[in-house]
Amino acid sequence: VICDLMARLTDVLGQGLSHSFYPVPQEAIGVGSAFEGWSPHAEDVVYQVLVPLSPPPGHAFHLELATAGMAQRNFWVRVELLCTCSRGQLREDMLCFLHHPEQELRMEQEPSLLHTLCTSSYLDVEKTAQWFCRFVRLAWMLLPQSCHWRLTLLPSRRSCRVQLSKEKESLMAEMIFGVQREDSDIFVGSQPSAVGLASTMWIETCAVAEAKFFRHISRWAPQDSCHCKCLQLLSHSLLGVGLSSYTLKTVLMHLLSTVPLAGWRSRDFPWRMMDIMQYLLCSLQTKQLHHFVIGNERFPGEISLPSDLRLAEPPNLFLQLARDPNAHGKAVQE
């Protein structure tokens, strides 16, 4: 239902935005636990999709690194106006933002992206989310799903969260926005973050690469593979003990790349559960859990990464525990 909705919504957005200069939404990509097959909240699943944004005609996106040397890197998305005087591949009726008089541009053409969703010269996450939510509200009545489902927009500053309801059935979806890094499966995204992050800051995310890794495993694993069942059970059991689901997911991904896939059949379930707990305990005791995607030589080559990430030193996800003895002791005890 969510995939079909996003496909139709992207189509309507493309038609509705064809003569404006807003970002161009591309085909949405399912990410996160629900699309990877292991959501810990079976009764309250949030289907998260990443909507890649391309620059409109006459514009270009440039990613500028804002914070380096951290497990979570932040970027600015600088918007640049391009000369379109040649009109080689652009709309015939388009005026050049750089070389046409400002008065003529105001009278004859929609404003540039710099004048709608940017703060200074940078694409603003919150303005983008508000714009997208407004458009979803308008586009909804044009979709066939509106005949059967009721759509409710939920509060969110950096994403578009919706609830779809039909009789006793209910679905929750969250649309985050991303700008692709080079021609890779790594994006800078609008996902909600810690309080205080500037609205022009985009967070580097490996969510698409990780979702592709789970699909890669599913293709080669036995039909009765228990890897998702292991992660679902552990992430549900350990809720509230201070260890995030992402920590458990990282442990599982490391084991999936070291334990032969033939060893993940349903009959191996107890042994793989013990492997995960042993790996987790060892990581806590050594205060080291390496990021799975960044700097991992075992990461499948078919999943595209920027060269700087493939060759980088893997960040330690337990760095904060190494710096805080009390938090570390509590995590080991739990």
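The rules we used
Residues numbered from 1 in each chain as written. Predicted model: local features only at pLDDT ≥ 70, side-chain atom pairs only at ≥ 80, totals over all residues. Heavy atoms only, no water. Phe/Tyr/Trp six-rings, centres within 6.5 Å; stacked < 30°, edge-to-face > 60°. Helix = DSSP H or I, 4+ residues; strand = E, 2+ residues; numbered from the N terminus. Lys NZ or Arg CZ within 6 Å of the ring centre and 35° of its normal. Core = buried A, V, L, I, M, F, W, Y, C linked by side-chain atoms within 4.5 Å. Buried < 20%, exposed > 50% of the residue type's maximum accessible area, 1.4 Å probe, protein only. Contact = heavy atoms within 4.5 Å. UniProt positions renumbered as here; feature names shortened; annotations may be inferred. Domains from an automatic or database assignment. Buried area = accessible area lost by both parts, 1.4 Å probe. Salt bridge = Lys/Arg side-chain N within 4 Å of Asp/Glu carboxyl O. Polar contact = N/O pair within 3.5 Å; in protein donor to acceptor, adjacent residues only side chain to side chain. Nonpolar A, V, L, I, M, F, W, Y, C, P; charged D, E, K, R; others polar. Axes fitted to C-alpha atoms, helices over the stretch in contact; angles between N-to-C directions. Parallel < 35°, antiparallel > 145°, perpendicular 65-115°, else oblique. Left-handed = near helix turned anticlockwise from the far one by under 90°.

## Brief notes about the packing of aromatic side chains
Stage number 1. Following the criterion strictly, the structure yields 10 aromatic pairs and no others.
Stage number 2. On the basis of an interplanar angle of 40 degrees and a centroid distance of 5.9 Å, the ring pair of Trp76 and Tyr122 is categorised as tilted. With Trp76 in strand E5 (residues 74-81) and Tyr122 in strand E7 (residues 122-123), this pair connects stretches of sequence that are 46 residues apart.
Stage number 3. An aromatic cluster is built from Tyr22, Trp131, Phe132 and Phe177, whose rings are joined through pairwise contacts.
Stage number 4. Taking NZ or CZ as reference, Arg272 lies 5.9 Å from the ring centre of Trp264, over its face.

## Digging into the nonpolar core
Considering soluble globular proteins, one finds that nonpolar side chains tend to be buried as a cluster.
Stage number 1. Leu9, Phe132 and Met175 are the most contacted members of the largest nonpolar core, which totals 40 residues.
Stage number 2. Residue assignment for this core shows that the elements contributing at least two residues are helix H1 (2-16), strand E3 (46-54), E5, helix H4 (125-140), strand E9 (160-166) and strand E10 (169-180).
Stage number 3. Ranked by residues supplied to this core, first place goes to H4 with nine residues.
Stage number 4. Among all residues touching Met175, those that are not within four sequence positions of it are Met6, Leu9, Val49, Val51, Phe132, Ser159, Cys160 and Val162.
Stage number 5. Ranked by size, the runner-up nonpolar core spans 39 residues in total, among them Phe213, Leu284, Val293 and Phe299.

## Quick notes on unusual backbone geometry
Stage number 1. Even without being a glycine, Glu182 presents a positive backbone phi close to 50 degrees.
Stage number 2. Among the structural elements, Glu182 can be located in the loop between E10 and strand E11 (187-189).
Stage number 3. Overall, Glu182 belongs to the exposed group, its relative accessible area being 56%.
Stage number 4. With a phi close to 60 degrees, Lys287 is a non-glycine residue in the positive phi region.
Stage number 5. Inspection of the secondary structure puts Lys287 in the loop between helix H8 (269-286) and helix H9 (307-310).

## Observations concerning the UniProt feature "domain: Mab-21-like HhH/H2TH-like" (unreviewed entry) in the protein
Stage number 1. According to UniProt, the "domain: Mab-21-like HhH/H2TH-like" (unreviewed entry) feature falls on residues 243-293.
Stage number 2. The span residues 243-293 carries 59% helix and 0% strand; its end-to-end C-alpha distance comes to 19 Å.

## Comments concerning the domain arrangement of the protein
Stage number 1. The domains assigned to the protein are domain 1 (1-206) and domain 2 (221-333).
Stage number 2. The C-alpha-based centres of domain 1 and domain 2 are spaced at 30 Å.
Stage number 3. With both chains or domains summed, domain 1 and domain 2 bury close to 1,500 Å², and 62% of this area falls on carbon and sulfur atoms.
Stage number 4. There are three salt bridges connecting domain 1 and domain 2.
Stage number 5. Taken together, domain 1 and domain 2 are joined by six residue pairs in polar contact (both at pLDDT 80 or more).
Stage number 6. Looking at the side of domain 1 that touches domain 2 residue by residue, the class counts come to six nonpolar, four polar and seven charged.

## Overview of the packing of helix H7 (residues 245-256) against H8
Stage number 1. At a minimum axis distance of 10 Å, the contact between H7 and H8 shows a crossing angle of 110 degrees. Classed by the angle they form, the pair H7 and H8 counts as roughly perpendicular. Handedness of the crossing formed by H7 with H8: right-handed. Each of Thr247, Leu248, Val251, Leu252, His254 and Leu255 in H7 lies in contact with H8, whose residues at this interface are Asp275, Ile276, Tyr279 and Leu280.

## Describing the pattern of salt bridges
Stage number 1. Evaluated as defined, the whole model comprises 17 salt bridges.
Stage number 2. Here Lys330 makes a salt bridge to Glu334, at a shortest N to O gap of 2.8 Å.
Stage number 3. On the basis of relative accessible area, Lys330 is assigned to the partly exposed category, the value being 47%.
Stage number 4. For Glu334, a relative accessible area of 42% puts it in the partly exposed group.

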